Amino acid sequence: KVKNKNMTKSPAFQLFTFVVGALFLRFILEQFIDEKYSFFIRIGAVIFILAFGTFFVLKRTAKIIEETTGVLSHRTKLAGGMLQSLGTAFPDMVLGVTAALISLRVASTDYSLAINYAIIAAATTFGSNIYNIGHAVWCVYRQNLANAKNKSILMFPYIKKLGTVIPLSQHKVKPSLKEFDTSIDILNVLTILTAVVAITMVLFGRVSNAPNEMNSDLYQLIRPVGIVIFLLCIFSLYYFRKSKKEESRVAEQEEKDYYSQKSTPIIFVHLFFSGVAILFAAETMVNAVKVFSDLTGLPFVLTGVFAGIIGCLGEMIVIHNFTINPKGRLGDAIVGVSMDNIVTTMGAAIVAIMGGIFLGGNALILIFVIILALNTTLIWQISKLKNFFLPP
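All values reported here derive from a predicted model rather than from experimental measurement.

**So, the packing of aromatic side chains**
Reasoning step 1: A complete count under the given rule lists 13 aromatic pairs for this structure.
Reasoning step 2: Ring-pair connections join several aromatic residues into one group, and the members of that group are Phe18, Phe24, Phe48, Phe52 and Phe56.
Reasoning step 3: The cationic tip of arginine 26 hangs over the ring face of phenylalanine 27; the distance from NZ or CZ to the ring centre is 5.1 Å.

**Things to note about the side chain of serine 293**
Reasoning step 1: On the secondary structure map, serine 293 appears in helix H10 (residues 264-296).
Reasoning step 2: With relative accessibility at 4%, the residue serine 293 sits in the buried group.
Reasoning step 3: Those residues in contact with serine 293 that lie beyond four places of it in its chain are Leu298, Pro299, Phe300 and Thr303.

**Notes on a nonpolar patch on the surface**
Reasoning step 1: Taken together, the side chains of Leu23, Phe24, Phe27, Ile28, Phe32, Ile41 and Phe48 make up a nonpolar region of the molecular surface, amounting to roughly 590 Å² of accessible area.
Reasoning step 2: At the level of secondary structure, the elements contributing two or more residues to the nonpolar patch comprise helix H2 (11-27) and helix H3 (39-76).
Reasoning step 3: In terms of residues, the nonpolar patch owes the most to one element, H2, which gives three residues.
Reasoning step 4: By the element assignment, isoleucine 28 lies in the loop between H2 and H3.

**Let's talk about the pattern of salt bridges**
Reasoning step 1: For the structure on display, the rule yields four salt bridges.
Reasoning step 2: Residue lysine 386 pairs with aspartate 181 through a salt bridge whose shortest N-O separation is 2.5 Å. Of this pair, lysine 386 sits in helix H13 (residues 361-386) while aspartate 181 sits in helix H7 (residues 177-204), placing them 205 residues apart in sequence.
Reasoning step 3: A relative accessible area of 23% places lysine 386 in the partly exposed class.
Reasoning step 4: As a salt-bridge pair, aspartate 294 and lysine 290 come within 2.4 Å of each other at their nearest N and O atoms. With aspartate 294 and lysine 290 both in helix H10, this residue pair falls four residues apart, about one helical turn.

The rules behind these values
- Residues numbered from 1 in each chain as written.
- Predicted model: local features only at pLDDT ≥ 70, side-chain atom pairs only at ≥ 80, totals over all residues.
- Heavy atoms only, no water.
- Phe/Tyr/Trp six-rings, centres within 6.5 Å; stacked < 30°, edge-to-face > 60°.
- Lys NZ or Arg CZ within 6 Å of the ring centre and 35° of its normal.
- Helix = DSSP H or I, 4+ residues; strand = E, 2+ residues; numbered from the N terminus.
- Buried < 20%, exposed > 50% of the residue type's maximum accessible area, 1.4 Å probe, protein only.
- Contact = heavy atoms within 4.5 Å.
- Patch = residues over 30% accessible without salt bridge, like charges linked within 9 Å, V, L, I, M, F, W, Y side chains within 5 Å.
- Areas by Shrake-Rupley, 256 points an atom, 1.4 Å probe, with all protein chains shown as cover.
- Salt bridge = Lys/Arg side-chain N within 4 Å of Asp/Glu carboxyl O.

Below, the structure is given as structure tokens:
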């Protein structure tokens, strides 16, 4: 019995169940959102797909990706935040790219439907940046508050189950100042990239043949700009690729990790099948989001932004856990959040290169203004956090 129990807890066995679960969503449950079924069956199937896909497949698969990239960081000396972001940003990117692929697939037969999927693609990729940065702002703010009061506080007032934030003075291992500097640099780069995307969409991407049902102007991130943004994201990831953590701390954190005992090829196999699970789950969830818009009459941009939180849960969980667990990894998590949004922006660029990313005028303004404001707020909170390390 003990052997069977340990086997079910094995990441390899868990990954197998995630892949099976994703295939179940894609090839069995997705059939029940078809128009031939009643409203209640379809809405029930949509809710189950989104819940099962989020909490069973995406969330837990992102956890495996997080753990494998942590070991790879130790072995390759690459920044843990960068490798972490490649794992946790993958669901965001896949959801956006999947929506774009569906958009391109139906473009020749139903242009209005193609635009709706393209709006979902844009709102998912950029909307996830709002959740990531917004939650990071809250986590760092609570850490700053605990430092200022020099006592432990709840991560969320009155909710004990979501963890307690301990002052940095009580941490046995503290984050590196270089990690905070790197996160601020990356956030500045992200702010510039986001501004470039918004400006070029307005200046060069206005769509003249927008569908009649659009209540505002429609803008596209055009392919040449998408190529430039993609190259800038690749350069940014390469520039910030080096780890800023002390090697002794990395070795101490990874020594008891499951994947630290596995060979590098095995780790890559697990990463591959994690991607397979996310891919099948993502396609089903994007279709479910589209059906949810049809059934409820909600604008596609709103359901797309809602889908964004599905993809970024992994990164939100990472910085949340690294804040309430004082193991010196808060700096790594902040770098990861910043890098995550660079990777997500790269995903948006890939969608633009494919020709499937659009936003209405009002949504374009709101999404990008919120992202830029949150980036600035996070830089402010990180700067306050750095003050803890300075002499009084």
